[in-house]
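# Analysis of the macromolecular model
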Amino acid sequence: MTSSSEETVVFTPRPPAVKINTISVADVKAALIAGWRDFLRAPLIGLFFGGIYAAGGIAIFLLLKVYHEPWWIIPIAVGFPLIGPFVAVGLYETSRRIAAGEPLNFGQILMVILAQRKRQVAWMAFAVLFIFWMWLYEVRMLLAVFLGFKSFSSIEAFFNIVTTTPEGIGFLLVGTGVGAFISFVLFCTTVVGIPLLLDREIDLVTGIIYSFKAVLQNPAPMIGFGILVVALTFAAFVPVFLGLLVVLPVLGHATWHLYKAVVAE
């Protein structure tokens, strides 16, 4: 007979392990083609989410002009596309529905996004925002160290100082190096981590570990994809951020397909 003092032990089954595939540059190319195809299948959904990015970029630019803080343009321009994977949950869900042959109901897609606040993706958002905040703080500190006694009242004056003075060039070199490291950490954290947390019921730490493993196991194609994301996003900034309407939806869809190639079913 079991005494009342004994405790009942309940064993909770562990989620199945995630297998990371080895991919090639050809898989990255295929993911980009699939991303473009998904955008053409659901252009209005893509334009909606791309419009959020474009509107955010325009609003940030106007705020910088109004408050005369042009130095923020570099860290925000670098960090802006890097927080994109979390916002792109809607694009991931759209690609998932296209592949599964499910209806592209916009209301249901929005509900999936809202539902993430109760799942591990919400905690990933905190991790991403923390890294992004550290990036902004690092740039502010470097600005004080290198350009503390410089003054600039416009974006043009700021770029003139950082490209023509020894202090400004030092700021760019050190800031670029530190920013590249932070960007790499953020990319490794999210590129597979966010789609994985959306797709499967696993915890945040496990998702981040597998995301890093995916990059470290496939350094050339994954890092190449990250560089391509940053390059295309910067190119999309040129026409008054309007290029983001197309570029970011395509990259969001492509990220989902790259995740499906890296993570075994």
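Analysis parameters
- Residues numbered from 1 in each chain as written.
- Predicted model: local features only at pLDDT ≥ 70, side-chain atom pairs only at ≥ 80, totals over all residues.
- Heavy atoms only, no water.
- Helix = DSSP H or I, 4+ residues; strand = E, 2+ residues; numbered from the N terminus.
- Buried < 20%, exposed > 50% of the residue type's maximum accessible area, 1.4 Å probe, protein only.
- Contact = heavy atoms within 4.5 Å.
- Areas by Shrake-Rupley, 256 points an atom, 1.4 Å probe, with all protein chains shown as cover.
- Expected span 1.5 Å × (residues − 1).
- Phe/Tyr/Trp six-rings, centres within 6.5 Å; stacked < 30°, edge-to-face > 60°.
- Axes fitted to C-alpha atoms, helices over the stretch in contact; angles between N-to-C directions.
- Parallel < 35°, antiparallel > 145°, perpendicular 65-115°, else oblique.
- Left-handed = near helix turned anticlockwise from the far one by under 90°.
- Core = buried A, V, L, I, M, F, W, Y, C linked by side-chain atoms within 4.5 Å.
- Patch = residues over 30% accessible without salt bridge, like charges linked within 9 Å, V, L, I, M, F, W, Y side chains within 5 Å.
- Salt bridge = Lys/Arg side-chain N within 4 Å of Asp/Glu carboxyl O.
- Arc of directions from axis to C-beta.
- pLDDT = per-residue confidence, 0-100.

### Notes on the overall build of the protein
Tallying secondary structure elements over the protein gives 13 helices and 0 strands in all. Reading the protein from its N end, one meets helices and strands in the order α-α-α-α-α-α-α-α-α-α-α-α-α. Split into buried and exposed, the 265 residues of the protein put 45% on the buried side. For the protein, restricting intrachain contacts to residue pairs at least 6 apart in sequence, the fraction spanning at least 24 positions comes to 77%. When the accessible surface of the protein is summed, it comes to about 14,100 Å², and 72% of that surface belongs to carbon and sulfur atoms.

### A closer look at helix α5 (residues 89-100)
Over its 12 residues, α5 runs 16 Å from end to end, which matches the ideal 16 Å to within 8%, given 1.5 Å per residue. The set of residues buried in α5 consists of Val89, Gly90, Leu91, Tyr92, Glu93, Thr94, Ser95, Arg97 and Ile98. Gly101 occupies a position one or two residues after α5 and carries a positive phi of about 75 degrees.

### Quick word on the packing of aromatic side chains
Ring pairs (aromatic) are described by centroid distance and by the angle formed between their planes. Counted according to the given criterion, the structure contains 8 aromatic pairs. Judged by centre distance (5.6 Å) and plane angle (65 degrees), the rings of Phe234 and Phe237 are edge-to-face. Here Phe234 and its partner Phe237 are both found in helix α12 (residues 219-237), 3 residues apart, which amounts to about one turn of the helix. Look at Phe234 and you get partly exposed, because its relative accessible area is 34%.

### A look at the packing of α5 against helix α13 (residues 244-262)
Packing of α5 against α13 leaves a shortest axis separation of 8 Å and a crossing angle of 60 degrees. When the axis of α5 is compared with that of α13, the two are oblique. In the packing of α5 onto α13, the handedness of the crossing is right-handed. From α5, Leu91, Tyr92, Thr94, Ser95 and Arg96 reach across to α13, where they touch Leu248, Pro249, Gly252, His253, Thr255, Trp256 and His257.

### Remarks on the nonpolar core
Judged by nonpolar contacts, the single largest core of 61 residues is most densely connected at Val192 and Val262. The element best represented in this core is helix α7 (residues 120-147), accounting for 11 residues. Discounting chain neighbours no more than four positions away, the residues touching Val192 are Ser211, Ala214, Met222, Tyr259, Val262 and Val263.

### Digging into a nonpolar patch on the surface
A cluster of nonpolar side chains, Phe130, Trp133, Met134, Tyr137, Met141 and Val145, forms an exposed patch at the surface whose accessible area comes to about 710 Å². Relative to the helices and strands, Tyr137 is located in helix α7.

### Focus on helix α1 (residues 25-41)
Since the α-helix turns once every 3.6 residues, residues separated by three or four places project in the same direction. Between the first and last C-alpha of α1 there are 24 Å, a value that for 17 residues agrees with the 24 Å anticipated at 1.5 Å per step. Residues of α1 that are buried: Val28, Ala31, Ala34, Gly35, Asp38 and Phe39. Seen along its axis, α1 keeps its buried residues to an arc of 140 degrees; they face one direction. Along α1, exposed side chains directed more than 90 degrees from the buried face belong to Val25, Ala26, Lys29, Leu40 and Arg41.

### Remarks on the environment of Leu232
Tracing the chain through its elements places Leu232 in helix α12. Along the sequence, Leu232 and Gly243 sit 11 residues apart, while their C-alpha atoms lie 9.2 Å from each other.

### Here's the deal with the confidence of the model for the protein
Of the residues in the protein, 82% reach a pLDDT of 70 or more, and the chain-wide mean stands at 82. Mean pLDDT across the elements of the protein ranges from a minimum in helix α3 (residues 73-82), with 57, to a maximum in α1, with 96. Contacts for the low-pLDDT stretch residues 1-12, under 50 throughout, to residues beyond four places or in other chains number 0 contacts.

### What to know about the environment of Gly57
For Gly57, the position within the fold is in helix α2 (residues 43-67). With 184 residues separating them along the chain, Gly57 and Phe241 place their C-alpha atoms 6.3 Å apart.

### Side note on the pattern of salt bridges
This structure, assessed with the given rule, holds 4 salt bridges. Note that Glu93 is salt-bridged to Arg96, the shortest N-O span being 2.9 Å. In this pair, Glu93 and Arg96 both sit in helix α5, 3 residues apart, roughly one turn of the helix. Judged by relative accessible area, which is 5%, Glu93 ranks as buried. Where Lys260 meets Asp199, a salt bridge forms, and the shortest distance between an N and an O atom there is 3.6 Å. Residue Lys260 is located in helix α13, and its partner Asp199 is located in helix α10 (residues 193-199); the two are separated by 61 residues in the primary sequence. What makes Asp199 partly exposed here is its relative accessible area of 28%. When salt bridges that share partners are traced, they join Glu93, Arg96, Arg97 and Glu102 into one network.

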